[in-house]
Amino acid sequence: MSEPRFDRRLFLRVGAATGAAVTLGGLAAPSASAAPGGFPDYAYVRTLLTPSQLKYNPTGEIIFPCVRGVYDKLASPLGRYYLYYGPHDAPGGICLAYGDSLEGPFTEYPNNPIVARDWSPHYSVSHVASPHVMWHESAKELWLYFHGENTTTRLARSKDGINFTYDKVVLSTSMLPSGTTETSYARVFPHELPSRGAHYVMVFMLNNTTNHRDIHWGWSADGRTWSYDQQPLIRHADVGAVNVGGPHLLYRNNSTYVVYNKDKESGGDLMITEVGNDFSRRAHLGVFYNSRNTAPENGRSAAPSFGTDGGVPYMIYEAGERLAGSIALARG
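Residues numbered from 1 in each chain as written. Predicted model: local features only at pLDDT ≥ 70, side-chain atom pairs only at ≥ 80, totals over all residues. Heavy atoms only, no water.

A.B. asks: Looking at this structure, I do not really get the environment of Val287. What am I missing?
C.D. replies: Mapped onto the secondary structure, Val287 falls in strand 19 (residues 283-289). Under the relative-accessibility criterion, Val287 is labelled partly exposed at 34%. Considered as a pair, Val287 and Val239 are 48 residues apart in the sequence and their alpha carbons are 9.8 Å apart. The residues touching Val287, leaving out its near neighbours within four places in the chain, are Pro36, Asp269, Leu270 and Met271. (Helix = DSSP H or I, 4+ residues; strand = E, 2+ residues; numbered from the N terminus. Buried < 20%, exposed > 50% of the residue type's maximum accessible area, 1.4 Å probe, protein only. Contact = heavy atoms within 4.5 Å.)

A.B. asks: Got a minute to help me understand the confidence of the model for the protein in this structure?
C.D. replies: Reading predicted coordinates in detail is not appropriate for stretches of low pLDDT. For the protein, per-residue confidence averages 91 on the pLDDT scale, and 90% of positions sit at 70 or higher. Below a pLDDT of 50 lies the segment residues 1-33, which in the model reaches 91 contacts outside its immediate sequence neighbourhood of four places, other chains included. (pLDDT = per-residue confidence, 0-100.)

A.B. asks: Could you clarify how one ought to interpret the nonpolar core in this entry?
C.D. replies: Here is a general trend for soluble globular proteins: nonpolar side chains tend to be buried in one another's company. Counting 23 residues, the largest nonpolar core has Tyr84, Ile114, Val115, Tyr123 and Phe146 as the members making the most contacts within it. Elements that contribute at least two residues to this core include exactly strand 3 (81-86), strand 8 (129-136) and strand 9 (141-147). For this core, the leading source of residues is strand 9, giving 3 residues. In this structure, Tyr84 is in contact with Phe64, Pro65, Cys66, Cys95, Leu96, Ile114, Pro131, Val133, Leu142, Gly161 and Phe164, ignoring residues within four places of it in sequence. In this structure, Leu193, Ala241, Tyr260 and Met271 belong to the second largest nonpolar core, which totals 20 residues. (Core = buried A, V, L, I, M, F, W, Y, C linked by side-chain atoms within 4.5 Å.)

Listed below in structure tokens is the structure:
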């Protein structure tokens, strides 16, 4: 199935006139800014979710938020915004919270996890984690990409954002070069690549036997069947890091950017690289968001997700030590 072509020029004209952006497309709103690439200069506002305050809390940690506006997509949503997240360590679990404002509060869905580590007859794994949900316009569905194990990314589909039907494996280590040990933390976005016949792109983290994590990417005509570049999109060494991960696409000024995180030992900041609309550029622009040394970030920010509310741009992200942090909100 094909996706209608995304008109980035139309978005830029509308954004310039309104100061707003499309919540569901992973787009940051145009505004006066000091951040690289002309993006908003985000500032921490508050913590949205803390493991100790959640009913479903098997491991005392949560990661990888993904926020989606559903008020104009679903018939009877629980709130205007759905926030997907979950613990990483076993047993993991894909979880949901909902609210009427990106500034919160968000209410934990009472029957989490909505996707568990055992889904007969499809899989039984130690954990599932890293939910990324995309609105698939032609299917009129929310498509959930998640990993479990770290070697495998899977797809499930839903009409209501709560009850999902399993689809298939979309990414595994066997699809990348020999020596690949992890392919995980994938996010998928509508994106036109005419030269490749693609309407979607995926960015994800890859680890190999060197134990240094890079950002890789792939493309797809339908969001289900994928091809992958065998070379890294962003190498850890290119930005002075031991590991990079948690990538997210952003669009501005008729170009495409990847925002991603460094490991804490390498600074713990969010970085930005311009890759261009055809993914041929490698312009490393530096720090996108400087992590504070105070709580809740404690020198590490990671796995950002972006949206707008009332024309105001927001970033929802991991704040704190890996597997010991919270889900936080920053405003642009």
